Amino acid sequence: LGIPMTAVGIFLYLDITMSRRAGTGIYTFFMVFFAILFLVWAFMALYAFPLLAKFDKKNGELLAWAFTLLDGLTAGQLDPRYTCLPYSAVTALGLAFALRGVHARRRGDRLSAKAASQVRTPYVVARDETLWSNKPTFTKAPGSSVGFGSQLQMEDGGQRAYRVAAPLLLLGSLLCALLASVGQEVPGRFLWAASACFTASGSWSALLAFGLPYRKLVERLHQVGAAMAGWTGAARCGQGGVIVSDGDLFPTGSVTVAQVKVFGSVPTEKAVGYTASMLRAMACGLTRPFHNLLRAQGAMYRDVSGLEWHEGGASGVIRGKEVLVGTAAYMHLMEIPLPAGHNIKNAVFCAIGGQLSGMFLLQYAMDGGVNPSLSALMAAGLSPVLASRDPNLIPALLEQKFKLPVDKMEFPPVGRRLELSDPELSGDGALVALLAREGLGPYCDALVGGRRLRFATRLGLVFALAGSVIGLCLTFYLTSIAAFGSLTVANFLVFMGAWLVPQVLIANWVNQF
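Presented here is a report on the structure given in the accompanying data block. (Residues numbered from 1 in each chain as written. Predicted model: local features only at pLDDT ≥ 70, side-chain atom pairs only at ≥ 80, totals over all residues. Heavy atoms only, no water.)

1. Focus on the overall build of the protein
Right, so step 1: Counting secondary structure elements, the protein contains 19 helices and 12 strands.
Right, so step 2: Within the span of the protein, comprising 513 residues, buried residues form 52% of the whole.
Right, so step 3: Relative to all contacts within the protein whose residues are 6 or more apart in sequence, the contacts with residues 24 or more apart total 75%.
Right, so step 4: Carbon and sulfur atoms make up 61% of the accessible area of the protein, which amounts to about 22,600 Å² in all. (Helix = DSSP H or I, 4+ residues; strand = E, 2+ residues; numbered from the N terminus. Buried < 20%, exposed > 50% of the residue type's maximum accessible area, 1.4 Å probe, protein only. Contact = heavy atoms within 4.5 Å. Areas by Shrake-Rupley, 256 points an atom, 1.4 Å probe, with all protein chains shown as cover.)

The following block contains the structure:
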C-alpha cells in the first residue's frame, strides 16, 4: 500500500492545486479505487492478521497510514495549502522499516531454529538463580530442546515496551491533532495535523530495536553452532557465575594418553582397566581418552564401589582391593611413594592395594579460543567458576602451562565442584540458549551475545521512544502555528532518518566481541 500511496498522494495534491478542472475524472477514479483498497486492507489487518489489532507499534503505523491517505485524498479541499505535500513518502518508508524489522526477527528465528536442530541432543544453557553463592549462575549440560520453539514465539523487548507506550503515544497524537486544529478554530486542518502527529510519533527504529541486532547476533551464533532462545533467553543473560567444566576447556579429542608406564608385576591390561574404570566412575574429562586406551589394550571395565573424592584424586574398591587414581601430589598425600623423576604434573597415577601400579602421561591441547573466551566472559561481567573433575586441572597448571587468568576465576573445593558439575543438577534452570557443539567458544558467544543483545535492545528502545516523544512535541507546535513551510516531506524524512542512525550503529555493535 505504501508505494501507490506515495505516488497518488503527490499526484492528487498537484492535480487538486494546479488543475482542478482537468483532473476531476482522475481524482474521482482514484478516490473510489483507494477507498475500496483501504477497506480490504483494514479487513485484513483486523481479521487476517489479528496481531495488528493489539495495542503496539503497528497501531500507530495503521493510523498514520489512514490519516495520510485521507489527507492526500482531501488535500486542498478542507483547508487550502500550497507548500506542503501529504506525508505519503514518510509513511511508506515507515511501513518499509516496519516490515524490515519483522523480517529481521523472522530470519533470526529461522537461523536459531536451524542451529538448534543440528543435533538430536543439544547442550542446554540454563540459568539457575541460587546455584553458586546465592547468585544467578549459568550452566551447560546435555538436554532436550523442549520449550525452545515456544520461547522464539514470545514477545520481544520492543513489543513489550510498546504494549505500554503505544496507547500513550496514540492518545497523545490524537490530542495534539485536535488541539492544533479544532483548538485553533481551524477544524479543516485536523486530517493534516493528525497525519503529521501520528507519523512523527511512529519512530522508524521502533520495530528494528530488537529485530535488527537479533538477526546480526544470530548470524554469528549460527556459525559456531549456538542458538539464542529469543528475547526471553537474552533477557536472562544478566551478571552472575558461569560454570566451566572439563569439556569446556578440553573438548573431546583435546586430551590424549601419550605414554603408559607400569610398575612392579602388574599387567598392563590390569593397570589400564582399573584406571579407566575409576575415571569412568569419576565422570571426568579423561573418560574418553582412557576408553580408547582400554580398547587398544584389550582391557575390561570393572565395577567400582565406595568411590570417595579427595583433592587431586579419588579412591575406590575394585574386586576387594583399594584403588587410588590421581595426581602425583595426591599419591604423596596418600603416602604412595613415587620413583625418582616421576613427579610429573600432567600425568595420572594408579595405585592398587597400596602399591604404585601405573603412570599415564597425558597431553593436553587447548584450543586457541579458550583464553579470549574467558576474557570476553569477564569483560561482560560474568565470573567463570572452574568446576573441573579432572584431577590435573588445577589453577596452578592452567596458569603455568596455558596462561589462563585463573586469578579472576573461582575454584571451589572438590565437594562443591562435584555438585556444580553434576549433569543431573545442571540444565534444570530457565532456558537461555542451545548449543550444537562442544567447547567454551559457543558457550561464551551465547552468554556474551545475549548480554549485548539485551543492552542493545533496551538502548535502541530508548532512542526510539525519545524520537517519538520529541517528534510529537515538535509536530504539535508546528501544526498549531500552521508552519507548512517547516513541516515539509523533506524535513520530515531528515528528522525521521536521523533517529534511525543510532539504531544502525547499535545493531552493528552487538556482534563485535
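Once you've had a look at it, read on.
2. Thoughts on the pairing of strand β1 (residues 123–132)
Right, so step 1: Summarising the sheet, β1 and strand β2 (residues 135–142) pair through seven bridges and their orientation is antiparallel. Looking at the pairing, V124 lines up with A141 of β2.
Right, so step 2: The antiparallel pairing of β1 with β2 creates a hairpin that spans two residues between the two strands, and S133 there sits at a positive phi of about 55°.
Right, so step 3: Strand direction decides the pairing type here: β1 and strand β12 (residues 430–435), joined by five bridges, are antiparallel. (Pairing = 2+ DSSP bridges.)

3. Observations concerning the pattern of salt bridges
Right, so step 1: Across all of its chains, the model carries 10 salt bridges by this definition.
Right, so step 2: Where D109 meets R105, a salt bridge forms, and the shortest distance between an N and an O atom there is 3.5 Å. Within this pair, D109 and its partner R105 are both found in helix α4 (residues 88–116), separated by four residues, close to a single helical turn.
Right, so step 3: When the shortest N-O distance is used, the salt bridge between E311 and R417 registers 3.8 Å. Of this pair, E311 sits in the loop between β6 (305–310) and β7 (313–318) while R417 sits in helix α16 (residues 414–420), placing them 106 residues apart in sequence.
Right, so step 4: On the accessibility criterion, R417 (7% relative accessible area) is buried.
Right, so step 5: Connected via shared salt-bridge partners are R105, D109 and D156. (Salt bridge = Lys/Arg side-chain N within 4 Å of Asp/Glu carboxyl O.)

4. Digging into the packing of aromatic side chains
Right, so step 1: As enumerated under the stated definition, the model contains 12 aromatic pairs in all.
Right, so step 2: Each ring, one from F290 and one from F360, has its centre 5.2 Å from the other, and the planes form 75°; the classification is edge-to-face. Taken as a pair, F290 in helix α12 (residues 287–297) and F360 in strand β10 (residues 355–364) lie far apart in primary sequence, 70 residues in all.
Right, so step 3: Judged by its relative accessible area of 0%, F360 is buried.
Right, so step 4: Plain terms: the ring middles of F495 and W499 are 6.4 Å apart, the flat faces sit at 65° to each other, and that makes the pair edge-to-face. (Phe/Tyr/Trp six-rings, centres within 6.5 Å; stacked < 30°, edge-to-face > 60°.)

5. A word on the sheet that holds β7
Strand-to-strand pairing in sheets goes through backbone hydrogen bonds, with the strands running parallel or antiparallel.
Right, so step 1: Spatially, β5-β10-β9-β8-β7-β6 is the arrangement adopted by the six strands of the open sheet, whose pairing is antiparallel. Both edges of this open sheet fall to β5 (255–262) and β6, since each of them pairs with a single strand only. Each adjacent strand pair in this sheet contributes to an overall mean axis angle of 20°, direction not counted.
Right, so step 2: Here strand β9 (residues 347–352) runs beside β10; their pairing, made up of six bridges, is antiparallel. Each residue of the ladder has a partner; that of A351, found in β10, is L356.
Right, so step 3: Sheet strands in contact with helix α11 (residues 268–282) are β5, β6, β7, β8 (321–326), β9 and β10, and its direction is about 115° off that of β7. (Axes fitted to C-alpha atoms, helices over the stretch in contact; angles between N-to-C directions.)

6. Side note on the side chain of T232
Right, so step 1: Relative to the helices and strands, T232 resides in helix α9 (residues 230–235).
Right, so step 2: For T232, a relative accessible area of 11% gives the class buried.
Right, so step 3: Here T232 is in contact with Q151, M154 and R160, once residues within four sequence places are set aside.

7. Topic: the nonpolar core
Right, so step 1: The biggest cluster of nonpolar side chains holds 75 residues, and the ones touching the most others in it are L249, F250, L286, L398 and L447.
Right, so step 2: Apart from residues no more than four positions distant in its own chain, L447 is found in contact with V125, F138, C237, V242, L377, L382 and V432.
Right, so step 3: Ranked by size, the runner-up nonpolar core spans 19 residues in total, among them A483, F484, V489 and A507. (Core = buried A, V, L, I, M, F, W, Y, C linked by side-chain atoms within 4.5 Å.)

8. Describing the side chain of N511
Right, so step 1: As for its placement among the helices and strands, N511 is situated in the segment after α19 (501–509).
Right, so step 2: Note on N511: relative accessible area 18%, which makes it buried.
Right, so step 3: A polar side-chain atom of N511 sits 3.2 Å from a polar atom in the side chain of Q512. (Polar contact = N/O pair within 3.5 Å; in protein donor to acceptor, adjacent residues only side chain to side chain.)

9. Observations regarding the environment of G449
Right, so step 1: Tracing the backbone through its elements, the reader meets G449 in helix α17 (residues 440–480).
Right, so step 2: When the C-alpha positions of G449 and Y214 are compared, they lie 9.5 Å apart, and in sequence the two are 235 residues distant.
Right, so step 3: Setting aside residues no more than four positions away along its own chain, G449 makes contact with L217, C444 and F513.

10. Regarding the sheet that holds strand β11 (residues 382–386)
Right, so step 1: Spatial strand order, β3-β12-β1-β2-β4-β11: six strands in an open sheet with mixed pairing. Unpaired on one side and paired on the other, β3 (226–228) and β11 mark the two borders of the sheet. Sheet twist, expressed as the mean angle between neighbouring strand axes with direction ignored, is 30°.
Right, so step 2: As defined by bridge partners, strand β4 (residues 240–244) adjoins β11 across five bridges and the pair is classed as parallel. Paired with I243 across the two strands is V385, which belongs to β11.

11. Some remarks on unusual backbone geometry
Right, so step 1: Look at E185: it is not a glycine, yet its phi comes out positive at around 60°.
Right, so step 2: Tracing the backbone through its elements, the reader meets E185 in the loop between α6 (157–181) and α7 (190–201).
Right, so step 3: On the basis of relative accessible area, E185 is assigned to the exposed category, the value being 71%.
Right, so step 4: Look at E335: it is not a glycine, yet its phi comes out positive at around 60°.
Right, so step 5: For E335, the location among the structural elements is in the loop between α13 (328–333) and β9.

12. A look at the environment of M154
Right, so step 1: Topologically, M154 is positioned in the loop between α5 (148–152) and α6.
Right, so step 2: Judged by relative accessible area, which is 35%, M154 ranks as partly exposed.
Right, so step 3: Between the alpha carbons of M154 and W231 there is a distance of 7.7 Å; along the sequence they are 77 residues apart.
Right, so step 4: In contact with M154, not counting residues within four places along its chain, are R105, Q159 and T232.

13. With respect to the pairing of β6
Right, so step 1: Of the strand pairs in this sheet, β6 and β7 are connected by four bridges, and their pairing is antiparallel. Bridge pairing in β7 places H310 opposite G313.
Right, so step 2: Counted along the chain from β6 to the antiparallel partner β7, the turn is two residues long, and its residue G312 has a positive phi close to 95°.

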